[in-house]
Amino acid sequence: MIRLNDIIDQIHSYLPDADTALVEKAYIYSAKVHAGQMRLSGEPYLSHPLAVAFILAQLKLDMASIAAGLLHDTVEDTLATSDEIEGLFGKDVSQIVDGVTKISQIEFQSKIHKQAENIRKMILAMSKDIRVLLVKLADRLHNMRTLQFQKEYKQVKIARETLDIYAPLASRLGIDWIKRELEDLAFSYIYPEEYEDLKRQVEERLGKRKAYVEEVKELLSRKMADYGLSCRVLGRPKHLYSIFRKMKRRNVGLDEIYDLIAFRIILNTAKECYEALGIVHALWKPVPGRFKDYISLPKANMYQSLHTTVIGPYGERMEIQIRTEEMDRIASEGIAAHWLYKEGKILSKEQAKKFDWLNQLMEWQKELEDPREFLESVRMDLFPNEVYVLTPNGEIKEFPSGATPIDFAYAIHTEVGHHCAGAKVNGRMVPLKYQLQNGDVVEIITSKHHVPSRDWLKIAKTSRARARIRQWIKSEERDKSLALGRDLLARELRKYRIDFNEFMKEGAEEVARSFSFRTVEDMLIAVGYGKISTSQISRKFLKPEQLKETRESQLERNLKKGEALRQQGILIHGHNDIMIHLGRCCTPVPGDEVVGYITRGRGVTVHRRDCPNIMNLDPERQVEVNWATEEGGTYPVKLIVKTTDQKGMLAAVSNAISAAEANILEAKVTTLPDHSASFTFMAEVNDSKHLRRVFTGIRKVEGVMRVDRGSIV
């Protein structure tokens with residue numbers, strides 16, 4: 001167990017004259033409020049804050065950070081309050097502790113909501129003071145070191161969150177040793193069998209290669225000395241999770257991973273690094289495409305180094321990293337290497353620019369309401385595979401590997417992204433799905449007539465671009481759904497001889513409240529989306545006697561009126577002056593093959609030849625009928641459309657019907673247990689050719705599974 005003296009000694013190793021009174025006071029307070037509490041391991045709870053504080057001292061942080069490490073669980077797990085912490089230890093310490101404290105007093109819809117909100121809170125706090133994240137990383141590291149005392153399902157859950165969120169954050173901060181340890185610990189819990197097997201294989205292989213490692217180190221040292229370069233040469237194995245990830249990515253076994261050991265040459269100046277690179281390439285043949293210059297183009301976390309892969313002794317590939325002593329320190333300590341102790345600041349303005357990704361995290365937590373979408377965005381953009389491209393003015397922009405011109409356009413400005421019509425890369429036109437490469441010079445071509453499409457979501461890689469595209473699509477769908485909802489409700493109200501504007505003035509707000517909508521507009525949008533039907537609204541608005549008086553719907557009147565007007569549309573062979581009805585079981589339209597059936601007291605009912613009902617009727621009462629050649633008039637049809645159950649489907653299908661120039665008389669929505677939806681439309685068409693055009697339009701809508709004709713009764 002770590003003791004207070006261990007922490008004090010560690011502080012004095014990098015700040016010999018430091019006043020540690022604040023840390024000692026925090027230790028006494030933490031010991032008092034945590035008294036009697038135990039960890040699952042059986043140790044006193046105080047062992048945890050002491051371990052966290054020691055890790056922060058290893059990061060060479062200031063007194064406020066280390067004090068916050070000792071106090072980080074006091075507000076969450078004891079009777080201590082934020083006001084009390086601020087009064088005793090100051091605002092700096094209090095804000096760090098508050099930023100690390102989980103949101104535990106609020107009830108959330110689900111665990112995913114709670115996880116997302118805790119991440120949001122941490123991001124908000126760390127954007128104000130990065131020390132919040134450093135304390136959180138130290139806390140997570142010690143919890144991972146003692147994870148064996150948790151239940152198995154919790155071990156996997158915590159390890160997965162560590163791998164998805166905290167290890168990438170450590171990488172973004174450039175703290176390589178914490179990132180490596182978090183990844184390997186998480187790996188051991190998520191894939192325990194693979195971890196143990198790989199650990200055994202790597203240890204066996206490294207044991208056999210000690211002589212090889214020493215030979216390479218000695219040869220490199222001698223060659224550098226021959227050219228007057230003073231250096232240190234290290235040879236260390238890559239950590240297990242990075243090996244495992246490479247095996248999965250390449251779909252190969254350990255025997256086909258040739259660069260288990262990375263050799264590192266550490267010199268005094270950047271100029272010497274490039275000289276050493278020339279010596280290495282003269283000594284061994286470099287592997288094409290495996291050289292990276294992170295000195296001239298540093299990573300976002302300030303990492304600088306030259307990386308090259310060569311065919312070394314005995315024809316084996318090996319990776320060599322070349323950097324200065326200062327670069328090596330930054331590669332290990334990351335942001336902590338830039339701590340300005342005396343001034344109590346974290347970063348200078350120039351150094352802070354290297355952490356623009358914090359601003360991106362801030363944007364995500366403001367814009368993305370859906371917790372799964374938010375967590376996906378955090379995971380996606382934290383992973384550190386970067387591509388560096390340039391604007392025509394020479395400004396460097398950083399993107400994740402696989403990013404496209406659409407990502408570049410949205411990085412410039414939202415409006416540039418929304419109206420992106422094309423892109424030039426290195427002076428040549430490229431498709432929008434082109435994947436940006438290091439050093440590309442990118443120019444975006446815009447047009448006010450171009451707008452985002454759903455297809456862009458398939459090729460955009462950055463969370464900023466995807467969030468903006470989704471935002472635009474949702475806004476467009478909202479507008480379309482609002483217009484459709486207004487139209488559908490106006491049609492419904494006309495059945496009862498009620499003007500839509502009258503409804504909006506007299507009862508709309510009360511009806512919206514009865515359905516728990518904040519505004520009338522939200523209710524109309526819900527109608528357009530198909531979440532609520534117009535008949536539900538009319539039942540809320542109308543009095544029972546009004547509903548009773550209007551039993552004969554507008555649809556019924558349209559059918560009766562249409563039947564009288566369409567007599568001239570049917571020719572009956574051998575009969576004149578006979579009343580004609582169109583069968584409401586199959587709703588024939590001009591162009592369908594039809595047959596007449598003589599019905600007592602009702603004249604002739606016209607059915608489609610494939611109507612199931614006509615097959616069961618007396619064949620002797622069937623008469624031959626044909627459509628007249630005259631054109632004009634419209635005919636009602638019932639359309640049954642099955643789709644996936646998702647937002648905007650009613651609006652999309654309705655737009656497809658309208659685009660085919662068919663008039664919608666009525667629309668109803670039913671959601672089904674298999675996560676699909678069934679839409680029933682009454683529409684008017686001119687003939688069967690027109691109906692086929694409507695069917696074709698509907699089938700083109702993404703998410704539509706099938707379209708059928710139905711009977712009106």
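Everything numeric in this text was worked out from a predicted model, so none of it was measured.

Analysis parameters
Residues numbered from 1 in each chain as written. Predicted model: local features only at pLDDT ≥ 70, side-chain atom pairs only at ≥ 80, totals over all residues. Heavy atoms only, no water. Pairing = 2+ DSSP bridges. Helix = DSSP H or I, 4+ residues; strand = E, 2+ residues; numbered from the N terminus. Axes fitted to C-alpha atoms, helices over the stretch in contact; angles between N-to-C directions. Contact = heavy atoms within 4.5 Å. Expected span 1.5 Å × (residues − 1). Buried < 20%, exposed > 50% of the residue type's maximum accessible area, 1.4 Å probe, protein only. Arc of directions from axis to C-beta. Disulfide = S-S within 2.5 Å. Parallel < 35°, antiparallel > 145°, perpendicular 65-115°, else oblique. Nonpolar A, V, L, I, M, F, W, Y, C, P; charged D, E, K, R; others polar. Lys, Arg positive; Asp, Glu negative; His and termini not counted. Salt bridge = Lys/Arg side-chain N within 4 Å of Asp/Glu carboxyl O. Polar contact = N/O pair within 3.5 Å; in protein donor to acceptor, adjacent residues only side chain to side chain. Left-handed = near helix turned anticlockwise from the far one by under 90°. Phe/Tyr/Trp six-rings, centres within 6.5 Å; stacked < 30°, edge-to-face > 60°.

Draft legend 1. Up close: the sheet that holds strand β9 (residues 420-425). In space, the three strands of this open sheet follow the order β10-β9-β11, with antiparallel pairing throughout. Edge strands, defined here as strands with exactly one partner in the open sheet, are β10 (428-430) and β11 (442-446). Adjacent strand axes in the sheet meet at a mean angle of 35° when their direction is disregarded. With five bridges connecting them, β9 and β11 associate as antiparallel partners. When the bridges of β11 are listed, V425 appears paired with V442. Of the strands in this sheet, β9, β10 and β11 touch helix α20 (residues 405-412), which is tilted by about 80° from β11.

Draft legend 2. Focus on helix α32 (residues 688-699). In this model α32 runs 16 Å from its N-terminal to its C-terminal C-alpha over 12 residues, within 8% of the 16 Å that 1.5 Å per residue would give. Of all the residues in α32, the buried ones are S688, H690, L691, V694, F695 and I698. Along the axis of α32, the buried residues cluster in a sector spanning 155°; they form a single face. In α32, the exposed positions angled more than 90 degrees off the buried face are occupied by K689 and R692.

Draft legend 3. Representation of the environment of S94. Examined against the element boundaries, S94 turns out to sit in helix α7 (residues 91-100). On the basis of relative accessibility, which here comes to 8%, the residue S94 falls in the buried class.

Draft legend 4. Broad picture of the state of the cysteines. Following the criterion strictly, the structure yields zero disulfides and no others. Here C586 stays unpaired: no disulfide links it, and the sulfur of C611, its closest cysteine neighbor, is 3.8 Å away.

Draft legend 5. Up close: the sheet that holds strand β18 (residues 635-644). In spatial order, the strands read β19-β20-β18-β21; together these four strands make up an open sheet with antiparallel pairing. A single partner strand is all that each edge strand has here, and the edge strands are β19 (663-671) and β21 (704-710). Pairwise comparison of adjacent strand axes, ignoring direction, gives a mean angle of 20° for this sheet. Two strands pair when backbone bridges link them, and β18 and strand β20 (residues 676-685) are joined in this way by 10 bridges, in the antiparallel orientation. The residue bridging V637 from the neighbouring strand is A683, located in β20. Seen against the sheet, helix α31 (residues 649-659) touches β18, β19, β20 and β21 and runs at an angle of roughly 25° to β20.

Draft legend 6. Main features of the packing of helix α1 (residues 4-14) against helix α3 (residues 47-58). Where α1 contacts α3, the axes come no closer than 9 Å and their chain directions differ by 10°. Overall, the two elements α1 and α3 adopt an arrangement that is roughly parallel. Of the residues in α3, those in contact with L4, D6, I7, Q10, I11 and Y14 of α1 are L50, A53, F54, A57 and Q58. Residues that form the contact of α1 with α3 fall into these classes: eight nonpolar, two polar and one charged.

Draft legend 7. Structural context of the pairing of β18. In terms of strand pairing, β18 meets β21 through six bridges, oriented antiparallel. The residue of β21 that forms the bridge with K642 is R706.

Draft legend 8. Structural view of the side chain of D440. Here D440 is to be found in the loop between β10 and β11. It is R428 that comes nearest to the buried, bridge-free D440 among opposite-charge side chains, at 11 Å. A polar contact of 3.1 Å, which involves the side chain of D440, links it to the side chain of N426. Polar side-chain contacts of D440 include one of 2.8 Å to the backbone nitrogen of Q437. Contact partners of D440, with chain neighbours within four places excluded, come to Y388, V389, L390, V425, N426 and Y434.

Draft legend 9. Quick look at unusual backbone geometry. Here N426, not a glycine, exhibits a phi torsion of approximately 55°, which is positive. Within the secondary structure layout, N426 lies in the loop between β9 and β10. The class of N426 is partly exposed, set by a relative accessible area of 47%. Despite not being glycine, S516 shows a phi value in the positive range, around 65°. Secondary-structure assignment places S516 in the loop between α25 (508-514) and α26 (520-529).

Draft legend 10. Main features of the packing of α1 against helix α2 (residues 21-33). Contact pair α1 / α2: the axes reach a minimum separation of 11 Å and the direction vectors enclose 160°. In terms of axis orientation, α1 runs roughly antiparallel to α2. Note that α1 runs across α2; the crossing there is right-handed. Contacts from L4, I7, I8 and I11 in α1 reach V23, E24 and Y27 in α2. Among the residues making up the contact of α1 with α2, the classes are represented as six nonpolar, no polar and one charged.

Draft legend 11. Local environment of the packing of aromatic side chains. Evaluated as defined, the whole model comprises 12 aromatic pairs. Summarising the aromatic geometry, the rings of Y294 and Y303 are spaced 6.0 Å apart at their centres and angled 70° between planes, so their arrangement reads as edge-to-face. One exposure class covers both Y294 and Y303, and it is buried. A ring pair is formed by F679 and F681, whose centres lie 6.3 Å apart and whose planes are at 50°; its orientation type is tilted. For the residue pair F679 and F681, the accessibility class agrees, reading buried in each case. Each member of the aromatic cluster is reached from another via a ring pair, and the members are F187, Y191, Y195, Y241 and F244.

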